[in-house]
Structure formats: C-alpha cells, structure tokens
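Descriptive analysis of the structure
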Amino acid sequence: MPKPLLCPPEVLTQDLTGKVYVVTGGNSGIGLVTVGQLAKQGAHVVLACRRPEQGERARAELLAAGAARGTIQVLPLDLASLASVRAFAATCTAAHPRLAGLVNNAGVMNTPAGKTRDGFETQLGTNHLGHFLLTELLLEALRAGAPSRVVNVSSCFHDQAQGREGRIDFDDLHFERRPYDGWTAYAQSKLANVLHARQLARRLEGSGITAV
C-alpha cells in the first residue's frame, strides 16, 4: 500500500502569529479544517464564503472548541460572480495589505447545467475563473507579505472523473455546442486549477510567492 505523503509535523506547530491568510469556502470540509488549523497556530484567517451566516456559525464552532490562538474574520465571497470577487478583494486588501497565504479551496462538483452571473459554465466559472481573478487581485498583498503562498485545491479528477477524461476544450469551454456532462465539466475545472498553479509558479518565480 502506498505511504501517505504527509507534511513534516513541525509545520503544524509553527507559530503563525501576525500572519494573515485567506481561505475560500472556509465554512465546511477541507476549508473549515484549514481555517481551524491556521487559527490554532495563531494566524488571522479570513474565512471567505458565499453564505456569511454559515461562515459565522463555523467561526463560532471553531472558537468554542477552544483550540484557536488566532482570530477568524468572515467575509462574503461568491466565486460565481466576478463583481463579488472584486468587492471581496477590495475589502480584504484594504484591511489586510499584507497576506501570507491564499487557499483557493471553494468549489462545486458535478452540478446541473448552468451559468454563473457572468455567463460562464458553472463549474469552470466557480472553481477556476473566480479563483483566477481573486488571485490576480490579491497578488500585490501576497507580494507585500512574502514569503507567501497560493494553494489551489484540485482533485485527482483533473485526470479522470467517473470515466470522463480531464481536458480543457478551448473551442467550447462553456458547453454551448457539445452536450453538457457534469463530470466532464468538473474534470475540466479541476485541470484548470492545476494548470493555473503551474503557470503561477513559473510567472512568480523569484517573487517570494510559492504557488502549488
């Protein structure tokens, strides 16, 4: 059986006091665990989510558990709306001009056919394009906070998703000509996350920002 790839234990005890991190979709799942761990290590964490009331509940639960040494701030962010992304970035950078990290975690999976507010296919628009814009808008703050990091949470489904091959159809990104398939759209969006991180790593080499 393959040995799990785990980070060195000392990473999870490093003092992050004074550092600010943004976690999208921080109200549940991987995002919630990430917010909790960063706060446990003393960071200030901006919990970004589409439903602020759920974010506030998650924040209260984490703080009630008593493990957090840091602080948690909830800000609204709807990745399916570029206007919302721009508003979040403006609010966040005004309050936090230096960022230690951005975790692009939020996402949707195998949704029915649909479009974002800006007319993009729902999964590509939410999982990739919203995060792409967010990252660009936060780059100045990430440079100011360097050494810093951008983490794109992808999936093994970037390769194969329930038998559908992961590939980006640049001639029909939004399923306007081909039949829509939820898993095909998901695989496309997750592959875009991987390629985005790889391109960022090349473009930002030497800047103090690590992209993975």
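Each remark here, short or long, concerns the structure printed above.
The notes below deal with the structure included here. Bear in mind the structure is a predicted one, so any value in this text is a computation, not a measurement.

**Some thoughts on the pattern of salt bridges**
Evaluated as defined, the whole model comprises seven salt bridges. With a closest N to O distance of 2.5 Å, Asp78 and Arg117 form a salt bridge. Here Asp78, found in the loop between β3 (71–76) and α3 (82–95), pairs with Arg117, found in the loop between β4 (101–104) and α4 (122–144); they are 39 residues apart in sequence, far enough to count as distant. The buried category is assigned to Asp78, whose relative accessible area is 13%. The class for Arg117 is exposed, based on a relative accessible area of 63%. Residues Arg178 and Asp172 are paired through a salt bridge, measuring 3.6 Å at the closest nitrogen-oxygen approach. By the burial criterion, Arg178 is buried, and Asp172 matches it. A network of salt bridges, in which partner residues are shared, links Asp169, Asp172 and Arg178.

**Things to note about the pairing of strand β5 (residues 148–152)**
Side chains of β5 alternate between two faces, with Ser148, Val150 and Asn152 buried and Arg149 and Val151 left unburied. Taken together, the four bridges between β4 and β5 define a ladder with parallel strand orientation. The residue of β5 that forms the bridge with Asn104 is Asn152. You can see the chain leave β4, run along α4 and come back into β5, and the turn it takes is right-handed. When β5 meets strand β8 (residues 209–211), the two strands line up parallel, connected through three bridges. If you follow Arg149 over to β8, its bridge partner there is Thr210.

**Some remarks on the side chain of Thr122**
On the secondary structure map, Thr122 appears in helix α4. Among the residues examined, Thr122 registers a relative accessible area of 17% and is labelled buried. From its side chain, Thr122 meets the backbone oxygen of Gly114 in a polar contact 3.0 Å long. Within the structure, the side chain of Thr122 is placed 3.3 Å from the backbone nitrogen of Lys115, a separation counted as a polar contact. Every residue in contact with Thr122, bar those within four places of it in the chain, is listed here: Val108, Thr111, Gly114, Lys115 and Thr116.

**Concerning the nonpolar core**
One finds Phe88 and Leu142 to be the most contacted residues of the largest nonpolar core, which totals 26 residues. Only β1 (20–24), β2 (44–49), α3, α4 and β8 provide two or more residues apiece to this core. Ranked by residues supplied to this core, first place goes to α4 with six residues. Within the second largest apolar cluster, 17 residues are counted, among which are Val35, Val45, Ala58 and Ala100.

**Focus: the environment of Phe132**
Mapped onto the elements, Phe132 comes out in helix α4. In sequence terms Phe132 and Met109 are 23 residues apart; their C-alpha atoms lie 18 Å from each other.

**Here we look at the sheet that holds β1**
Spatially, β3-β2-β1-β4-β5-β8 is the arrangement adopted by the six strands of the open sheet, whose pairing is parallel. Edge positions in the sheet fall to β3 and β8, since each of these pairs with one other strand and no more. If you compare each strand with its neighbour and ignore which way they point, the axes differ by 15 degrees on average. The sheet strands contacting helix α1 (residues 29–40) are β1, β2, β3 and β4, and the helix crosses β1 at an angle near 170 degrees.

The rules behind each value
Residues numbered from 1 in each chain as written. Predicted model: local features only at pLDDT ≥ 70, side-chain atom pairs only at ≥ 80, totals over all residues. Heavy atoms only, no water. Salt bridge = Lys/Arg side-chain N within 4 Å of Asp/Glu carboxyl O. Helix = DSSP H or I, 4+ residues; strand = E, 2+ residues; numbered from the N terminus. Buried < 20%, exposed > 50% of the residue type's maximum accessible area, 1.4 Å probe, protein only. Pairing = 2+ DSSP bridges. Right-handed = clockwise from strand over helix to strand, strands pointing away. Polar contact = N/O pair within 3.5 Å; in protein donor to acceptor, adjacent residues only side chain to side chain. Contact = heavy atoms within 4.5 Å. Core = buried A, V, L, I, M, F, W, Y, C linked by side-chain atoms within 4.5 Å. Axes fitted to C-alpha atoms, helices over the stretch in contact; angles between N-to-C directions.

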